Number of protein chains: 2
Amino acid sequence: MTGPRGGMLELAVLGSLHETPLHGYELRKRLNTLLGMFRAFSYGSLYPCLRALLNDGLITEEEPPADTVIGRRSKIVYKLTAEGKERLHELLTQSGPSSWEDESFGIRFAFFGHTEAEVRLRILEGRRSRLEERLDSVRTALARTRERLDSYTLELQRHGLESVEREVRWLNELIDSERRGATAREDPSTTTEPPHVVQDGTKRADTPEADK
Amino acid sequence: MTGPRGGMLELAVLGSLHETPLHGYELRKRLNTLLGMFRAFSYGSLYPCLRALLNDGLITEEEPPADTVIGRRSKIVYKLTAEGKERLHELLTQSGPSSWEDESFGIRFAFFGHTEAEVRLRILEGRRSRLEERLDSVRTALARTRERLDSYTLELQRHGLESVEREVRWLNELIDSERRGATAREDPSTTTEPPHVVQDGTKRADTPEADK
DNA sequence: CGCAGATGTATCGAACCGATACATCCGCAG
DNA sequence: CTGCGGATGTATCGGTTCGATACATCTGCG
């Protein structure tokens, strides 16, 4: 009812504004830098989202400094409200299937610094089983139709599989790293320190509740 | 006005139906197998697209065999019309910026077997410069904000960069391969032979036609 | 028999993109 | 000083696709 606010943009915006107040243009740049190669939001979604968040009282326009010329209004700087912070915390606590899909995972990961260790682990494992599930289905489909595909299609499959296998290895390292760092100490006061990434080959632990 | 037909689904559907007539359900499976890990269309886009294509006369419902029970109508098998083939050829000839974006490239590549060598090369090179452009912008942005990012964000950036660099290397190999094979001989009559694509070790020659 | 799971067709709202349109600010060449 | 191009900045519109859902049929199996 209140506008476009079910997607990942909400988290992305609230998460960004949590650091410091920003206006739309800057917000977009920050966001797309933050997400690197994973995602790039456009104004076509950003501005409607800002309006909806404003409308719901999760963000407000920041007061301009008093020395501003009266009739002038150019930048519109947004900042989080108390309700916005609450909502952000709520979003960062969740770890449903919507956290480890392709479009969402990068965003969740980008805010791992503000996410509880337990949630981080669930998301990483969820992402991993999602990918392994996909690997399975593609591999079996490939085995059944092997000789019917032309070389280009085959090459596409091969590259795709390799890429995903690579991401799974990456996730394994991250999960190992999380587990090692997790039980070490319990200090919720400081901003959660990421346990630095170490490498190891194939690790296989069971995963929490795959799909649906 | 004719419905959802500007996207990649049109090419995907026409390209798939070019091989053999199919009904929706099977079409989707074929498509998602074809595209491997790159993409997965849903019914929510597939059926509207089929309706639009039908509406435009690019595909038709295939006549059921005469021995079908009268009142029964379950599967709806679609096949390409002459106009559809024409349109497909038109789509396969184009090579605009829309060919090398993330969502489109995989689909274009999947049908390289039916694409002219020159077009293939343009698409591969377009994709490559698109990715390099992105690498540049992320790398410079990273250099400017290096110390402001937490470890998780940094790790995300690192992984993203590595993935894209990997894809660029892949493209380089493909482009080399295309160029080598291109000037070798000139035979437009036969279905375009892919120039020596990387082979994979696993041979699985059995499994005689289990699918229907 | 009955029922679970694959097959099969279909729709709706929500999310997001790409293009586009403007307006303002600022450095700098003429 | 002027004007002009490019970055900054706000905003919308149409169109594509997803995710969830609904429902009907066919098929193997205990």
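This text follows the structure it describes.
Residues numbered from 1 in each chain as written. Chains lettered and ligands numbered in written order. Predicted model: local features only at pLDDT ≥ 70, side-chain atom pairs only at ≥ 80, totals over all residues. Heavy atoms only, no water.

## Here's the deal with the sheet that holds strand 3 (residues 77-80) of chain B
All names here are of chain B.
Working step 1: An order of 1-3-2 is seen for the three strands of this open sheet, with the pairing classed as antiparallel. In the strand order of this sheet, the two ends are held by strand 1 (22-23) and strand 2 (59-61), each with one partner.
Working step 2: Examined bridge by bridge, strand 2 and strand 3 share three bridges and lie antiparallel to one another. Directly across from Ile 59, in strand 3, lies its bridge partner Leu 80.
Working step 3: Strand contacts of helix 1 (residues 8-19): strand 1, strand 2 and strand 3, with the helix running at about 90° to strand 3, the strand carrying the most contacts.
Working step 4: Packed on one face of the sheet, helix 3 (residues 43-55) meets strand 2 and strand 3 and runs near 100° to strand 2. (Pairing = 2+ DSSP bridges. Helix = DSSP H or I, 4+ residues; strand = E, 2+ residues; numbered from the N terminus. Contact = heavy atoms within 4.5 Å. Axes fitted to C-alpha atoms, helices over the stretch in contact; angles between N-to-C directions.)

## Quick look at the sheet that holds strand 2 (residues 59-61) of chain A
Residues and elements named next belong to chain A.
Working step 1: Reading across from one edge, 1-3-2 is the order of the three strands in this open sheet, with antiparallel pairing throughout. Sheet topology places strand 1 (22-23) and strand 2 at the edges, where each strand pairs with a single neighbour.
Working step 2: Across the sheet, helix 3 (residues 43-55) touches strand 2 and strand 3 (77-80), and the angle it forms with strand 2 is around 100°.

## So, the pairing of strand 3 of chain A
Residues and elements named next belong to chain A.
Working step 1: What you see with strand 3 is a clean split: Tyr 78 and Leu 80 sit on the buried side and Val 77 and Lys 79 on the side with no burial.
Working step 2: As paired elements, strand 1 and strand 3 share two bridges and run antiparallel to each other. The residue bridging His 23 from the neighbouring strand is Val 77, located in strand 3. (Buried < 20%, exposed > 50% of the residue type's maximum accessible area, 1.4 Å probe, protein only.)

## Observations regarding the packing of helix 1 (residues 8-19) of chain A against helix 4 (residues 82-93) of chain A
Residue and element names in this part refer to chain A.
Working step 1: Where helix 1 contacts helix 4, the axes come no closer than 10 Å and their chain directions differ by 120°. The pairing of helix 1 with helix 4 is recorded here as oblique in orientation. Once helix 1 is placed against helix 4, the crossing between them reads as left-handed. Taking contact as the criterion, the partners of Glu 10, Leu 11, Leu 14, Gly 15 and His 18 in helix 1 are, on helix 4, Gly 84, Lys 85, Arg 87, Leu 88, Leu 91 and Leu 92.
Working step 2: Within the contact of helix 1 with helix 4, the residues separate by chemical class into five nonpolar, three polar and three charged. (Parallel < 35°, antiparallel > 145°, perpendicular 65-115°, else oblique. Left-handed = near helix turned anticlockwise from the far one by under 90°. Nonpolar A, V, L, I, M, F, W, Y, C, P; charged D, E, K, R; others polar.)

## Things to note about helix 4 of chain A
All names here are of chain A.
Working step 1: Here helix 4 spans 17 Å end to end across 12 residues, near enough to the 16 Å set by a 1.5 Å rise per residue.
Working step 2: Residues of helix 4 that are buried: Gly 84, Arg 87, Leu 88, Leu 91 and Leu 92. Buried residues of helix 4 fall within an arc of 135° about the axis and therefore sit on the same side. In helix 4, the exposed positions that point more than 90 degrees away from the buried face belong to Ala 82 and Glu 86.
Working step 3: Summarising the contacts, the buried residues of helix 4 are in contact with helix 1, strand 3, helix 5 (102-110) and helix 6 (117-144). (Expected span 1.5 Å × (residues − 1). Arc of directions from axis to C-beta.)

## So, the packing of helix 1 of chain B against helix 5 (residues 102-110) of chain B
Residues and elements named next belong to chain B.
Working step 1: Running from N to C, helix 1 and helix 5 point in directions that differ by 15°, and their axes come no closer than 10 Å. Between helix 1 and helix 5, the angle is such that the two are roughly parallel. Like other packed secondary-structure pairs, helix 1 and helix 5 cross with a definite hand, here left-handed. Touching Met 8, Leu 11 and Ala 12 of helix 1 are Ser 104, Ile 107 and Arg 108, all from helix 5.
Working step 2: For the contact of helix 1 with helix 5, the class distribution of residues is four nonpolar, one polar and one charged.

## A look at a positive patch on the surface
Working step 1: Together, Lys 29 and Arg 30 of chain A together with Arg 144 and Arg 148 of chain B line one region of the surface with positive charge.
Working step 2: Following the sequence through the fold, Lys 29 of chain A ends up in helix 2 (residues 24-34). (Patch = residues over 30% accessible without salt bridge, like charges linked within 9 Å, V, L, I, M, F, W, Y side chains within 5 Å. Areas by Shrake-Rupley, 256 points an atom, 1.4 Å probe, with all protein chains shown as cover. Salt bridge = Lys/Arg side-chain N within 4 Å of Asp/Glu carboxyl O. Lys, Arg positive; Asp, Glu negative; His and termini not counted. Charge placed at Lys NZ, Arg CZ, Asp CG, Glu CD.)

## Side note on the interface of chain A and chain B
Working step 1: Tallying the contact residues gives 42 residues for chain A and 49 residues for chain B.
Working step 2: Both faces considered, chain A and chain B share a buried interface measuring about 4200 Å² in area, 64% of it formed by carbon and sulfur atoms.
Working step 3: Contact with chain B buries surface across chain A, with Met 37, Tyr 152 and Leu 156 of chain A losing the most and accounting together for 22% of the total.
Working step 4: Counting across the interface, chain A meets chain B through two salt bridges. (Buried area = accessible area lost by both parts, 1.4 Å probe.)

## Quick word on the pattern of salt bridges
Residue and element names in this part refer to chain A.
Working step 1: In total, this model carries 28 salt bridges over all chains according to the counting rule given.
Working step 2: Arg 139 is the partner of Glu 165 in a salt bridge, and the nearest nitrogen-oxygen pair spans 2.8 Å. A residue pair is termed long-range when its members are at least 10 positions apart, and Glu 165 in helix 7 (residues 151-182) and Arg 139 in helix 6 qualify at 26 residues.
Working step 3: The partly exposed category is assigned to Glu 165, whose relative accessible area is 26%.

## Some thoughts on the relation of the copies chain A and chain B
Working step 1: Note on the copies: chain A fits chain B at an RMSD of 0.1 Å, the axial shift is 0.0 Å, and the rotation between them is 180°. The superposition of one copy onto the other is thereby described by a two-fold rotation axis. Taking C-alpha positions as the reference, the residue of chain A nearest the rotation axis is Ser 163 of chain A, at 3.8 Å.
Working step 2: Of the residues that chain A buries at the interface, 93% are likewise interface residues in chain B, meaning the two copies contact each other through the same surface. (Least-squares fit on C-alpha atoms with pLDDT ≥ 70 in both.)

## A closer look at the side chain of Glu 155 of chain B
Working step 1: With respect to the helices and strands, the residue Glu 155 of chain B is situated in helix 7 (residues 151-182).
Working step 2: Assessed through its relative accessible area of 10%, Glu 155 of chain B is described here as buried.

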